[in-house]
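Listed below are the residues making up each chain.
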Amino acid sequence: MTDKLKAVILDFDGTIGDTRSLIVRTMQQTIASLGLPARTDDECAAMIGLPLKQTFTDLIPMSDAEGDLCAAEYRRIFAVNNKPGAVPMFPHVVDTIRRLHAAGLLVTIASSRLRPSLTAFVDEMKLGGYIPYILSVGDVEHAKPAPDMVLKTLGDNGLRPGEAIVVGDTVFDIRMAHAAGVRAVGVTYGNGARADIEAERAEYVIDDFGELYGIVKSMKE
């Protein structure tokens, strides 16, 4: 017998919040500030979803210490760029999350973002009342695509893998879900490419966050 769905685990960047322009601009300013080799906007965007330091060490060959310097400079510039309203939500996110919550589902977040900025975005977007459980990259030992955040979400909430689903926009989200034995929904409107999401064999692929409710409803019944 298939478990009925009880929880939806959401990525934040590129799934809930349209942070691409803010992140890429801040990355480019960090690279310029530190005199690092230039990278295109698309190359920077491809790193979204990884822990902050790794976005730079994977993007540009550098030492571990240089990676720490990049992360620190990024945070400094991000604090300046991240003005109220800088990150809009994607279409149909609020109403869909409200519907999921009203249907009795546990809605959670598992993000590669650090907790202070993550909770600040959730508060600014007025989603806190619908998302009672949030995990940031600092809450687990291993970041995406390792399964740690999903496994911790399951364990802390008394869930089996079949009772949850992960929703994200990159291959890192899909790999995280599958490594934890959880089904995945890939969204195509964020930072990942449809072809890459399909290559990871996400169980569902959607073009609009609003499509999630129909998928979840069928899995809950």
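Residues numbered from 1 in each chain as written. Predicted model: local features only at pLDDT ≥ 70, side-chain atom pairs only at ≥ 80, totals over all residues. Heavy atoms only, no water.

Student: In this structure, what is going on with the packing of helix α1 (residues 20-33) against helix α3 (residues 52-59)? I would like to understand it.
Tutor: Helix packing for two helices is described by the angle between their axes and how far apart those axes are. The N-to-C vectors of α1 and α3 enclose an angle of 60 degrees; their axes lie 12 Å apart at closest approach. Taken as axis vectors, α1 and α3 run oblique relative to one another. The element α1 and its partner α3 pack so that their crossing is right-handed. Together, M27, T30 and I31 of α1 and T55, F56 and L59 of α3 make up the contact between the two elements. For the contact of α1 with α3, the class distribution of residues is four nonpolar, two polar and no charged. (Axes fitted to C-alpha atoms, helices over the stretch in contact; angles between N-to-C directions. Helix = DSSP H or I, 4+ residues; strand = E, 2+ residues; numbered from the N terminus. Parallel < 35°, antiparallel > 145°, perpendicular 65-115°, else oblique. Left-handed = near helix turned anticlockwise from the far one by under 90°. Contact = heavy atoms within 4.5 Å. Nonpolar A, V, L, I, M, F, W, Y, C, P; charged D, E, K, R; others polar.)

Student: Honestly, the side chain of S112 in this entry has me stumped. Any pointers?
Tutor: Mapped onto the elements of the fold, S112 is located in the loop between β2 (106-110) and α6 (115-124). Within the local environment of S112, its side chain forms a polar contact with the backbone oxygen of G49, the two atoms lying 2.6 Å apart. Non-local contacts of S112, meaning those with residues more than four positions away in its chain, are made with G49, L50, P51, V137, K144 and M149. (Polar contact = N/O pair within 3.5 Å; in protein donor to acceptor, adjacent residues only side chain to side chain.)

Student: Quick question: what am I supposed to make of the pattern of salt bridges here?
Tutor: Pairing is possible between side chains that carry opposite charge, provided their charged atoms lie close to one another. One pass over the full model with this rule turns up 15 salt bridges. Measuring nitrogen to oxygen at the nearest pair gives 2.7 Å for the salt bridge that ties D139 to R115. Residue D139 is found in the loop between β3 (133-135) and α7 (148-156), and its partner R115 is found in helix α6; the two are separated by 24 residues along the sequence. (Salt bridge = Lys/Arg side-chain N within 4 Å of Asp/Glu carboxyl O.)

Student: Explain α3 here, please?
Tutor: Among all positions in α3, only L52, T55, F56 and L59 are buried. The arc enclosing the buried residues of α3, seen along the axis, measures out at 85 degrees, which places them on a common side. Of the surrounding elements, those touching the buried residues of α3 are α1, α2 (41-45) and α4 (64-81). (Buried < 20%, exposed > 50% of the residue type's maximum accessible area, 1.4 Å probe, protein only. Arc of directions from axis to C-beta.)

Student: Whenever I open this one, the nonpolar core confuses me. Can you help?
Tutor: Considering soluble globular proteins, one finds that nonpolar side chains tend to be buried as a cluster. Core analysis: the biggest nonpolar cluster contains 53 residues, and V8, L10, I16, I97 and L212 have the highest contact counts within it. Here L212 is in contact with V8, L10, T96, L100, V167, V185 and I206, once residues within four sequence places are set aside. Judged by nonpolar contacts, the second largest core, of 20 residues, contains V140, L154, A164 and A202. (Core = buried A, V, L, I, M, F, W, Y, C linked by side-chain atoms within 4.5 Å.)

Student: Which parts of the structure should I look at to understand the sheet that holds β3?
Tutor: Sheet strands pair via backbone hydrogen bonds, and the direction of the pair is either parallel or antiparallel. Across the sheet, which stays open at both edges, the six strands sit in the order β3-β2-β1-β4-β5-β6 with parallel pairing between neighbours. Strands at the two margins of the open sheet, each flanked by one partner only, are β3 and β6 (204-206). Between one strand and the next, the sheet's axes are offset by a mean angle of 20 degrees, whatever the strand orientation. Of the pairings in the sheet, the one linking strand β4 (residues 164-168) to strand β5 (residues 183-187) comprises four bridges and is parallel in character. Across the sheet, residue V167 finds its bridge partner in β5, namely V185. Against the sheet, α7 contacts β1 (7-10), β2, β3 and β4, and its axis sits at roughly 150 degrees relative to β3. (Pairing = 2+ DSSP bridges.)

Student: Help me understand the state of the cysteines in this model?
Tutor: In a disulfide, the sulfur atoms of two cysteines are held together by a covalent bond. Under the criterion given, the structure shown has zero disulfides. Cysteine C44 shares no disulfide, and the gap to the nearest cysteine sulfur, in C70, comes to 11 Å. When its relative accessible area of 2% is taken as the criterion, C70 is described as buried. (Disulfide = S-S within 2.5 Å.)

Student: I would appreciate a short explanation of the pairing of β2 in the present structure.
Tutor: The side chains of a regular strand alternate, first on one face of the sheet and then on the other. With four of five residues buried, β2 lies mostly within the body of the structure. In this structure, β1 lies alongside β2, joined through four bridges in parallel fashion. Following the sheet pairing, L10 is matched in β2 by I109. As judged from the three bridges shared by β2 and β3, these two strands associate in the parallel manner. Residue pairing in the sheet places T108 in a bridge with Y133 of β3.

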